[in-house]
Amino acid sequence: MKFTLSWLKDHLDTTASVDEIAEALTDLGLEVEEVVNPADKLKTFTLAKVVHAEQHPDADRLRVCKVMTNEGEKQIVCGAPNAREGITVVLAKPGDYVPGIDVTLSVGNIRGVESHGMMASERELELSDEHNGIIELPSGDVGQRFTDWLAENDPAKVDPMIEIAITPNRQDALGVHGIARDLAARGLGTLKPLAKSAIEGQFPCPISVTIDEDAQTDGCEIFAGRLIKDVKNGPSPQWLQDRLRAIGLRPISALVDITNFFTFDRNRPLHVFDADKVAGNLRIHRAEAGATLTALDDKEYSFSGGQVVISDDSGVESIGGIMGGLSTGATEETTNVFLEAAVWDRIQIAHTGRALKINSDARYRNERGIDPAYNMQALDDATQMILDLCGGTPSNVVTAGRVPDTARAYKLDPARVISLVGMEIPESEQRQTLTRLGFRMEGNMAHVPSWRPDVMGEADLVEEVARVASLTKLQGKPLPKLPGVPKPILSPLQKREQQARRTAASLGYNECVTYTFIDQQAATLFGGGDDATMLANPISADMSHMRPQLLPGLLRAAARNQARGYADLALFEVGHAFQGGEPEQQSLMITGLLVGRTGPKDVHGASRAVDVFDAKADAEAVLAAIGAPAKMQIMRGGEGWWHPGRHGRFCLGPKKVLGTFGELHPKVLAEMDIKGPAVAFVIYPAEIPLPKKKGATRPALVLNDLQPVERDFAFVVDADVEALTAVNAAAGADKALITDVRVFDEFIGGSLGEGKKSLALTVRLQPTDKTLKEKDIEAVASKIVDKVTKATGGTLRG
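I will try to describe carefully the structure that is included in this document.

Conventions we followed
Each chain has its residues counted from 1, following the order in which its sequence is written. Two thresholds apply to this predicted model, a pLDDT of at least 70 for residue-level local features and 80 or more for giving and counting side-chain atom pairs, whereas whole-chain, interface and lining totals are computed over all residues. Side-chain measures were taken over the full set of non-hydrogen atoms in the model, leaving aside hydrogen atoms and water. Per the convention used, a helix needs a DSSP run of H or I reaching at least four residues, while a strand needs a run of E reaching at least two, with both numbered from the N terminus. For a compact globule the rule gives 2.2 Å times the number of residues to the power 0.38, and the radius of gyration it is set against comes from C-alpha atoms. In this scheme, a residue with accessible area under 20% of its type's maximum is buried, one over 50% is exposed, and one in between is partly exposed, where area comes from a 1.4 Å probe on protein chains only. A contact between two residues is defined here by any heavy atoms of the two lying within 4.5 Å. Patch definition: residues above 30% relative accessible area lacking any salt bridge, with like charges linked at up to 9 Å and the nonpolar side chains Val, Leu, Ile, Met, Phe, Trp and Tyr linked at up to 5 Å. Reported accessibility uses the Shrake-Rupley method at a 1.4 Å probe radius. Residues are deemed covered only where the shown protein chains occlude them. Any Lys or Arg side-chain nitrogen found within 4 Å of a carboxyl oxygen on Asp or Glu counts as a salt bridge. In this tally Asp and Glu are treated as negative and Lys and Arg as positive; neither His nor the chain ends contributes. Think of each charge as sitting on NZ of Lys, CZ of Arg, CG of Asp or CD of Glu. The pocket and cavity definitions rest on a 1 Å grid over protein atoms only: a 1.4 Å probe that fits but cannot leave marks a cavity, an open set with protein on both sides within 12 Å along at least five of seven lines marks a pocket, and residues lining either have an atom within 4 Å of a point. Grid points are joined across faces, edges and corners, and a volume is the space filled by probe spheres set on the points. Each residue is assigned to one of three groups, with Ala, Val, Leu, Ile, Met, Phe, Trp, Tyr, Cys and Pro labelled nonpolar, Asp, Glu, Lys and Arg labelled charged, and all others, Gly among them, labelled polar. Lines fitted to C-alpha atoms define the axes, with helix axes restricted to the stretch in contact, and inter-axis angles between N-to-C directions lie between 0 and 180 degrees. By definition, any crossing whose near helix is turned counterclockwise from its far helix by less than a right angle is left-handed, and any crossing with a clockwise turn is right-handed. Centres within 6.5 Å make a pair out of two Phe, Tyr or Trp rings, where for Trp the six-membered ring is used; the pair is then stacked when the planes are under 30 degrees apart, edge-to-face when over 60, and tilted otherwise. Two conditions define a charge located above a ring, namely a distance within 6 Å from the ring centre to NZ of Lys or CZ of Arg, and an angle within 35 degrees of the ring normal.

**Quick notes on the overall build of the chain**
Right, on to step 1. When helices and strands are tallied, the chain shows 19 helices and 42 strands.
Right, on to step 2. Here the C-alpha radius of gyration of the chain, 42 Å, is well above what a compact globule of 798 residues would show, namely 28 Å.
Right, on to step 3. Dimensions of the chain, computed from the C-alpha atoms along their principal axes, are close to 130 × 80 × 65 Å.
Right, on to step 4. Counting every position in the chain, which comprises 798 residues, the buried fraction comes to 47%.
Right, on to step 5. Taking the contacts inside the chain whose residues are at least 6 apart along the sequence as the reference set, 68% of them involve residues at least 24 apart.

Below, the structure written as C-alpha cells:
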C-alpha cells in the first residue's frame, strides 16, 4: 500500500515528520517497507541568477554566463538555448551529485574556459523528461534551497511516498483514510471527517441490475449503480495525476482515475462501464464453462465455470470484483457512464483470481474485505467527484441484493486487558483508543465498526488497545520466585527425546531434520502412501504424503551425500511419523542409519563394513539411556523394509515392541539409490514403560557378593533353526538366576550330517541369596536343556 504525505494530510491534521509517521506506522503493525523522499536527491541544489551571458569565444552553441550565487559570482559555461541574462536558475555546484546524469561535478574546463558548476534541466534532476533547456523559475531568491522553492510552488515534486506492508487481517489499512485513523488513535494528529455527498437522481436509470439466485449466497452481496449521462471524459486534473503517479499508477482518463483514487483513498474499488456499449441490462451470475472475456489488460480469459461475472444481454462484460471488460471500458469518447459499487464474497474473489491468474488492485482489496456499510455512500461520493470533474446528470440508483449486516459487539474487560498486555493502561485510555478506532462504546460493550471484519472476539479488543498503546513500552519484569523445588517442565516423553538426541550424538551420529512430507513412492515402500496420509494441497509432487517412517528422509539424505562423495555416514533423527490423518495417528520415533564402513582403513589396510550388530549395539545404548528395561527379548517379524533374515525387534513380550534394528532390504536400498551396506534402528519411546517410582532419588546400588557360575551347552539342531530361538529359550529357563546367554560357536558339517548344525551357548548364573551347590546348578542346567530342545527340536550334543 503506497501513499504520499500530502495525501495522508488530506485525512489527518498533523505536524508530524515523515520519520515520526514511519516509526508510528511500524509500531502500530503497519510495517513501513520503503520511504521515498524526492527532496533527498535535490537538497544540495540552490537558486541562482544569471547576471550576464555572452557567446563562448571558441564554440557556437555554448555561452559563458556570470551567475550570482550565495557564494558570490561564478562563471559557468552552458549549452542550453535558453541560457540568458536575467533568469532564475537551479544551480549545481562543484561537489554536488546530479542524479539524472549520475555525475558528481567538479570544476571543468570547456574549450579553454573554466566552468564552476552547471545550471540544471528537469531531466538532469529527474523531475521530468524535459531537457530542451535549463530550468527557468518565475520566482525565488538567490541562495534559496530548491527543495524549499518546490515545497511552496510545486509540492508534488517533493512529496514523500510511504509504502507499508499490509497483513491479511488489516484490510481497513488499504485506504489512506484507514491509515490516518490508526495514526490519529496513536495521537499523531486529528482524523478529518469524510465529506458525505447526497446525490438526487434526475431521471430513472435505463439499465437495471439483477443477481441470479446461485450468485446471491456466496457471490455478490449487493450490487448498486447509476447512469451519469452527458459527461466529458478527458485528462484528470494535475493534482489527481500527481497522486497516482507518486504511487506508481499511470493516469488514464478522469473517469478511470476517479475509480483508482477511491480504491486507494477509501479502500473502495469501483468500476465504470461505457453505458452506450452496454447491451440491455446487467446481470450478476456464475459463468458457464468455456465463456471468454477480453479484459482491460488486453488479455483474453476463459472461464472454467462457476466464477461470478457481470453480463449484459450480449454476454460477459466484467469479472465481478476483479477486472472489467475491454469492450465496455470507458474511453475519452465516453459520454454516458454507468458507475458500479458492489460487495463481493471474499472467498469467491480469491478462487476466481487464482484460477484466472489475475492480480489487480480491485481483487487485492475485495478478497480481503471492504466496508459493506459504505457501499451506497461510496456510490454518491464517487458520483459527486465525477460531476465535479466531468460534469453530467445522474440518474436514480438501481440496486440488487442487500447490504450485509455486520453488527456485533464484544465486552471490554479493562482488568483483563492489563493482565494480558502487561502494562498499566487506564480504563479511560482503553475506551478512548477504541472510540478513536471507530468502535462505539455502550457501557462495557464495544460495537465493532463495519470496516473491521477481523475483530471477532474480546481478544481482538485487547490487541487493538495494546498496539495503539505501543508494546515498545513494555518493561521486562522477572517472574516471582516460587518457594521450594520447582516442578519439572519437560514431560517424561520430552525428557526421553532429549536424552536420545544426546546419546545418539555421543555415539558419533549426525542429527538430521528432514521434511515431514515425502513422495508417494517412498511412502509406499515404508507402509504408507495411501489416501489417509495424502495432502489435499501439496507443495510439490515430491511432497504429496505424510511420512510413515523417518527412514525415507534419512535415506534420501544419505543418497545425496553419497552422490557428492561421502560414502560412510551415521545419521539420526527424532521426530513424528504418521499412520493417518488424525492426531492420535502419529507417533514419536528415534531412528538411526549407518551406511558404508565403520571407519577408515587401519594401518594394515583393513576396514569393516557396518553390520546388523552395529545397529543393535547403538540401539541398545539409546534404549538404556531413555530408561528401557535391561532384559528384553529379541524377536523376528519386522516390517517388509527390513532384511528378512538380518533384523530383530526389541520386545517385552510378543505384543510390546520397543524398537527394531537390522539391515535394510536390498530392494529398498535400490529404490532409494543407496550404495553399499546400510543398517538402521527405529525406537518407539512412547512404548517404553514409565518407571514405577517417580521420585528423583536413585535406587540403592545392588552389588552381588556371591560368585557367578557359567556353564556351556552345545545343541544339535536343524540348519534352519535360528540361534535367537535357542538363546531366548535358555534365558527363559530361570529368569531369577540366568543373567546372560551368549552364542560362542556354530559348527556345520562333519559328523553332524546333512542339514544339521551345532550351536554352543554360554549361560551365566548369578546367585543372590546363597552360593549355588552342584545340585542347584544341575537343576537349572536340566531346565535349560529341556527348554532349548523343546523350542528348537534339537538334542544336547554328546
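We are not done yet, so read on.
**Comments concerning the environment of L525**
Right, on to step 1. Mapped onto the elements, L525 comes out in helix 14 (residues 520-525).
Right, on to step 2. As for L525 and S360, which are separated by 165 residues in sequence, their C-alpha atoms are 45 Å apart.
Right, on to step 3. Leave out the neighbours within four places in its chain, and L525 touches W641, E671 and M672.

**Structural notes on a positive patch on the surface**
Right, on to step 1. Residues K631, K735, K787 and K790 make up a contiguous surface patch of positive charge.
Right, on to step 2. Positionally, K735 belongs in the loop between helix 18 (723-731) and strand 40 (738-748).
Right, on to step 3. Judged by relative accessible area, which is 64%, K735 ranks as exposed.

**Considering the layout of surface pockets**
Right, on to step 1. For the largest pocket, the calculated volume is near 1,200 Å³.
Right, on to step 2. Surrounding the largest pocket, 33 residues form its lining, M632, I634, L724, V727 and N728 being those nearest its centre.
Right, on to step 3. Counting residues per element, the ones that place at least two in the lining of the largest pocket are helix 16 (612-625), strand 35 (633-635), strand 36 (642-651), helix 18 and strand 40.
Right, on to step 4. Classifying every residue of the lining of the largest pocket by side-chain character gives 16 nonpolar, eight polar and nine charged.

**Section: the packing of helix 18 against helix 19 (residues 774-792)**
Right, on to step 1. Two elements in contact, helix 18 and helix 19, have axes whose closest approach is 8 Å; the angle formed by their N-to-C orientations is 145 degrees. Where helix 18 crosses over helix 19, the two elements pack in a sense that is right-handed. Together, T725, A726, A729 and A730 of helix 18 and I784, K787, V788, A791 and T792 of helix 19 make up the contact between the two elements.
Right, on to step 2. Considered class by class, the residues forming the contact of helix 18 with helix 19 number six nonpolar, two polar and one charged.

**With respect to the packing of aromatic side chains**
Right, on to step 1. This model, assessed by the stated rule, comprises 10 aromatic pairs.
Right, on to step 2. Between F146 and W149 the ring centres are 6.4 Å apart and the planes differ by 15 degrees, which places this aromatic pair in the stacked class. Taken as a pair, F146 and W149 lie in helix 3 (residues 146-153) at a separation of three residues, close to a single helical turn. Note on accessibility: F146 and W149 belong to one class, buried.
Right, on to step 3. Put simply, the rings of W7, W239, F261 and F262 touch in pairs and so form one group of aromatic residues.
Right, on to step 4. Over the ring of F203 we find K229; its NZ or CZ atom is 4.4 Å from the centre of that ring.
Right, on to step 5. Above the ring of F264, the side-chain terminus of R365 is found at 4.5 Å from the ring centroid.

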